[in-house]
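# Structure at a glance
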Amino acid sequence: MNPNENLVVPVFKIHTVPNEARSRAMGRPQFDDMEIVEIRMAGNKQTVGVFPAHEVWKWEDKPDGSREPVTYAMRWADIYHKFKANEAQVQSGTPLSEAPFLSQAKRYELKALNIHTVEALAALDGTPLKTLGIGGREMKTQAQAYLAKAEGSAVETRLAAENEDLRQQIADLQAQFAQFGKSSTAKVAPTEAEDDAAAGEEDETTGDDQSESPFADWDDEDLKNWIADAQGSRPKGNPNHATLVRMADEINAELAKKNEGN
């Protein structure tokens, strides 16, 4: 924002103006209410600009090449909305009541000069600054120091809040990773050794049936060699004896079916 904007003090009002054409037509005085803005400058009690609130203040160039009018009501939209809502039209900025370096008497003096905020006091220069009299420049310097300190505190507060947000995000991510790790551990596929162990347990429950198998008395290495000759590959992993017997029985049964078919 332009620093000089802090020196501008706009006040919106209703101004009653005679309507000459309607007065002649009605045969009696007729008046219209017009919204206006009175513009004063901080440190200047003499000059007052008066403009219709909806008169064009300037034309604004848009990215597409078009131009859009900006009225005085649009320029100070917040203050205009307060005017329409019958609220106090307080100038944007830090009120003088918040400045600890000012006495109450000084605040009244400054307001009488249309200086209502610390920002306006800090922006004073030239003739408006001289109207403050002795101690005016010191007040301006104090106002600038106050705003600089407040801005520094705001930055520190913002950084502290951002750091806290980052810490919370990290904690959330760590919790998600921990939960993901638990889920992955619970769902991990069994290894080949675990498959063999499970098969061995299953065989142990049916061990009585294998006592009639022709392979029951074979040693493990002979079983593996026979299975390799019968199906073209050795058993994977290191299956126990019961598993090897079961595999040999199944292969032998398949071979018997094929021979019967032939």
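What counts and what doesn't
- Residues numbered from 1 in each chain as written.
- Predicted model: local features only at pLDDT ≥ 70, side-chain atom pairs only at ≥ 80, totals over all residues.
- Heavy atoms only, no water.
- Helix = DSSP H or I, 4+ residues; strand = E, 2+ residues; numbered from the N terminus.
- Buried < 20%, exposed > 50% of the residue type's maximum accessible area, 1.4 Å probe, protein only.
- Contact = heavy atoms within 4.5 Å.
- Core = buried A, V, L, I, M, F, W, Y, C linked by side-chain atoms within 4.5 Å.
- Phe/Tyr/Trp six-rings, centres within 6.5 Å; stacked < 30°, edge-to-face > 60°.
- Pairing = 2+ DSSP bridges.
- Axes fitted to C-alpha atoms, helices over the stretch in contact; angles between N-to-C directions.
- Salt bridge = Lys/Arg side-chain N within 4 Å of Asp/Glu carboxyl O.

### Remarks on the overall build of the protein
Helix and strand counts for the protein stand at eleven helices and five strands. Here the protein holds 262 residues, and the buried ones make up 26% of them. Contacts in the protein between residues far apart in sequence, at least 24 positions, make up 46% of those at least 6 positions apart.

### Here we look at the environment of Ile251
Note that Ile251 resides in helix 11 (residues 241-261). Distance from Ile251 to Gln231, taken between C-alpha atoms, is 7.7 Å for residues 20 residues apart in sequence. When residues no more than four places from it in sequence are discounted, the contact partners of Ile251 are Trp226, Ile227, Ala230 and Gln231.

### Looking at the nonpolar core
Note on soluble globular proteins: their nonpolar side chains tend to be buried together. Core analysis: the biggest nonpolar cluster contains 17 residues, and Leu102, Leu110, Ile115, Leu121, Leu124 and Leu132 have the highest contact counts within it. Taken together, the elements giving at least two residues each to this core come down to helix 5 (118-123) and helix 7 (136-187). It is helix 5 that contributes the most residues to this core, four residues altogether. Setting aside anything within four residues of it in sequence, one finds Leu121 in contact with Phe101, Leu102, Leu110, Ile115, Leu132, Met139, Lys140 and Ala143. If you look at the next biggest cluster of nonpolar residues, it comprises eleven residues, including Phe12, Ala53, Tyr80 and Phe83.

### Comments concerning the packing of aromatic side chains
Tallying each qualifying case throughout the model produces nine aromatic pairs. Both rings, one in Tyr72 and one in Trp76, keep their centres 6.4 Å apart while their planes meet at 25°; by these two values the pair is stacked. Taken individually, Tyr72 and Trp76 each receive the classification buried, so the pair is uniform in this respect. Here the aromatic rings of Trp218 and Trp226 are separated by 6.4 Å at their centres, their planes lie at 90°, and the arrangement is edge-to-face. Aromatic rings pair up to connect Phe12, Tyr80 and Phe83 into one cluster.

### Brief notes about the sheet that holds strand 3 (residues 44-52)
Taking strand neighbours across the sheet as the criterion, the three strands line up as 1-2-3 in an open arrangement whose pairing is antiparallel. Bordering the open sheet on either side are strand 1 (8-18) and strand 3, each of which pairs with just one other strand. Sheet twist, expressed as the mean angle between neighbouring strand axes with direction ignored, is 30°. By the bridge criterion, six bridges tie strand 2 (residues 31-41) to strand 3 in an arrangement that is antiparallel. Its bridge partner lying in strand 3, Arg40 is registered against Val48. Lying on the sheet, helix 3 (residues 77-84) is in contact with strand 1 and strand 2; it crosses strand 1 at an angle near 45°.

### Observations regarding the pattern of salt bridges
Within this structure, the stated rule accounts for twelve salt bridges. The closest approach of N and O atoms between Arg22 and Asp32, which form a salt bridge, is 3.1 Å. Taken together, the residues span a long stretch of sequence, with Arg22 in helix 1 (residues 20-26) and Asp32 in strand 2 at a distance of ten residues. For the salt bridge of Glu60 with Lys62, the shortest nitrogen-to-oxygen distance reads 3.1 Å. The exposure class assigned to Glu60 is partly exposed, which follows from its relative accessible area of 31%. A relative accessible area of 28% means that Lys62 is categorised as partly exposed.

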